[in-house]
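# Working through the structure, step by step
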Amino acid sequence: MNENKKIIYLDYSATTPIDKEVLDEMQPYFSEFYGNPSSVSEFSKEVKMAIDVARGKVSEAINCKREEVFFTSGGTESDNWALIGTAIAKREKGNHIITSTIEHPAILNTCRYLEKLGFKITYAPVDKYGIVNLEYIKRAITTKTILVSVMFANNEIGSIEPIREIGEICKNNNIVFHTDAVQAIGHVPVDVEELKIDMLSMSAHKFYGPKGIGVLYIKKGIKIDNYLHGGEQERAKRAGTENTAAIVGLGKAIEKSNLDMPNENIRLIGLRDRFIQEVLKIKDTELNGDMNNRLPGNVNICFNGVEAETLLMALDLRGICASVGSACSAGSLEPSHVLMSLGLSEKKAKSSIRFSFGKWTTEEEINYTITMLKDIINNIKEG
Ligand SMILES: *Cc1c(COP(=O)(O)O)cnc(C)c1O
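Values in this document were obtained by computation on a predicted structure and should not be read as measured data.

What counts, and where the lines are drawn
Residues numbered from 1 in each chain as written. Predicted model: local features only at pLDDT ≥ 70, side-chain atom pairs only at ≥ 80, totals over all residues. Heavy atoms only, no water. Domains from an automatic or database assignment. Contact = heavy atoms within 4.5 Å. Buried area = accessible area lost by both parts, 1.4 Å probe. Near = heavy atom within 4 Å. Polar contact = N/O pair within 3.5 Å; in protein donor to acceptor, adjacent residues only side chain to side chain. Areas by Shrake-Rupley, 256 points an atom, 1.4 Å probe, with all protein chains shown as cover. Helix = DSSP H or I, 4+ residues; strand = E, 2+ residues; numbered from the N terminus. Nonpolar A, V, L, I, M, F, W, Y, C, P; charged D, E, K, R; others polar. 1 Å grid on protein atoms, 1.4 Å probe; cavity = no way out; pocket = protein on both sides within 12 Å on 5 of 7 lines; lining within 4 Å. Points joined across faces, edges and corners; volume = space filled by probe spheres on them. Pairing = 2+ DSSP bridges. Axes fitted to C-alpha atoms, helices over the stretch in contact; angles between N-to-C directions. Buried < 20%, exposed > 50% of the residue type's maximum accessible area, 1.4 Å probe, protein only. Salt bridge = Lys/Arg side-chain N within 4 Å of Asp/Glu carboxyl O. Expected span 1.5 Å × (residues − 1). Arc of directions from axis to C-beta.

Now for the domain arrangement of the protein. Interface size is commonly expressed as the accessible surface area that is lost when the partners come together. Segmenting the protein into domains produces domain 1 (8-17 + 261-382) and domain 2 (20-256). Put simply, the middle of domain 1 and the middle of domain 2, counted by C-alpha atoms, are 28 Å apart. In this complex, domain 1 contributes 31 residues to the contact, which on the side of domain 2 involves 31 residues. With both chains or domains summed, domain 1 and domain 2 bury close to 2500 Å², and 56% of this area falls on carbon and sulfur atoms. Of all residues in domain 1, M261, L295 and L342 give up the largest surface area on contact with domain 2, accounting jointly for 23% of the area buried on that side.

Below you can see the structure in the form of structure tokens.
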């Protein structure tokens, strides 16, 4: 990357830069308040309190109780814990889990692992906009079903799933409902009580917090086995010395994101919709995903006849950082499982790229990107 050129970062769904205010709050917990929160000393009290404050901020943000918040090492661990911990805890009741075809690999590969252990997984399909089929979920439920896990919002196409309806279905059938809300937390309002969510995964680095820290919300009374075994941390449910600084950062980040959300979303939706409108003026382009139920910062476009890799490289040369959508399919020859689930051909799937915007995305950056896209596509098609 040319060091003189400022990069235009349009990959906020992959990860976000940490907010300066968040970083400032974290700083003292590395070298000043470094005590182990599990020790009884006066010195550790400060640390214990800071963790408690962060827990309170999470509980306020999603409307749950403090005791229902468990800090983990990120979205991946939270997803693994929710699925494996439930599967093991409920294996006497049944061996059937329902999820969707468009989940993140943290869910899908955990499901594959559980299949190897003898669990049966149903993958509910989505429509061409990426919205999960509710009737299919209803029909798939059996007496052996122990868990439904459907993501809140998709990381590639930004589609927001009918979470309230799924929560309702699960409640009526007395089945635990988990949602991978890693793309939703800090970006759209989430109220676990109102949406009847029993378990929820989040990850701080998707909302301007540090990497390597997340939460699994577990509603009181939900039966789940431990995933990490060891000490008595997190009410003896998640072992390992607390990552204090990161926990403090997550707390600050979720508080700040929720505070900024109303104004920020109006701004982002404006940028997003104008970007979509302009890019669709380029010949042979199509929007992937749902226009209405969509994350404020997500755009996913199919540039028919242009290979995504080629386009990404051309953008990169102009200092623009976008992506194919999932870090796991980047560099691999496989087309995105999400785009294939929408019914796109392999060719279309491999011609699609994701632009994701965040709080430091400016109108100038959007304008520049639109101009560059038009330029690049013209060159490719004529050259
Ligand atoms: C990023 C992401 C994850 C993984 O979270 P990490 O904290 O990076 O492990 C899981 N699910 C979704 C939808 C994501 O976007």
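Below, the discussion takes up the site of the ligand. Around the ligand, the surrounding shell holds 13 residues, and the nearest of these are T76, D180, Q183, S203 and K206. The separation between an oxygen atom of the ligand and a polar side-chain atom of T76 is 2.6 Å. For the ligand, the protein covers 87% of the area, taking 380 Å² as the surface of the free molecule. Ranked by residue count, the leading element in the shell around the ligand is helix α4 (residues 75-89), at 3 residues. Classifying every residue of the shell around the ligand by side-chain character gives 2 nonpolar, 8 polar and 3 charged.

Attention now goes to empty space enclosed by the protein. Evaluated as defined, the whole model comprises 2 cavities of 30 Å³ or more. Of the voids in this model, the largest cavity is the one considered here, and its volume is about 150 Å³. Across the lining of the largest cavity, the residue classes break down as 5 nonpolar, 7 polar and 1 charged. Residue assignment places the lining of the largest cavity across two domains, with domain 1 (8-17 + 261-382) and domain 2 (20-256) each supplying three or more. Around the second largest cavity, the lining residues are G186, H187, Y208, S257, D260, M261, E264, N265, L268 and K359. For the lining of the second largest cavity, the two domains that each supply at least three residues are domain 1 (8-17 + 261-382) and domain 2 (20-256).

Now for the sheet that holds strand β9 (residues 285-287). Across the sheet, which stays open at both edges, the 3 strands sit in the order β9-β10-β12 with antiparallel pairing between neighbours. Of all strands in the sheet, those bounded by a partner on one side alone are β9 and β12 (352-356). Each neighbouring strand pair of the sheet contributes to a mean axis angle of 30°, computed without reference to strand direction. Pairing of strand β10 (residues 298-303) with β12 involves 5 bridges; the strand directions are antiparallel. In the sheet register, N300 faces β12, and the bridge partner there is R354.

A few words on the pairing of β10. Along a regular strand, successive side chains alternate from one face of the sheet to the other. A large share of β10 lies buried, amounting to 6 of its 6 residues. Bridging between β9 and β10 involves 3 bridges; their strand directions are antiparallel. Bridging from a neighbouring strand, T285 pairs with F303 of β10.

Quick look at the pattern of salt bridges now. Under the definition given, this model contains 25 salt bridges. In this structure, the salt-bridge partner of E234 is R235, at a minimum N-O distance of 3.8 Å. Residue class for E234 comes out buried when judged on its relative accessible area of 5%. According to the relative accessible area criterion, R235 is partly exposed, its value standing at 38%.

The terminal C-alpha atoms of helix α5 (residues 105-116), which comprises 12 residues, lie 16 Å apart, in line with the 16 Å expected from a rise of 1.5 Å per residue. Among all positions of α5, only P105, A106, I107, L108, T110, C111 and L114 are buried. Turning to α5, the residues buried within the fold contact α4, β3 (96-100), β4 (120-124), β5 (145-149), β6 (176-180) and α11 (337-341). G118 occupies a position one or two residues after α5 and carries a positive phi of about 105°.

Right, let's talk about helix α10 (residues 308-317) for a bit. Taken residue by residue, α10 has A308, L311, L312, A314 and L315 as its buried positions. Down the axis of α10, the sector holding all buried residues measures 165°, keeping them to one side. For α10, the exposed residues set more than 90 degrees away from the buried face come down to M313 and L317. On the buried face of α10, the contacting elements are β10, β11 (320-321), β12 and α13 (363-382). Positioned one or two residues after α10, G319 has a phi angle of 80°, which is positive.

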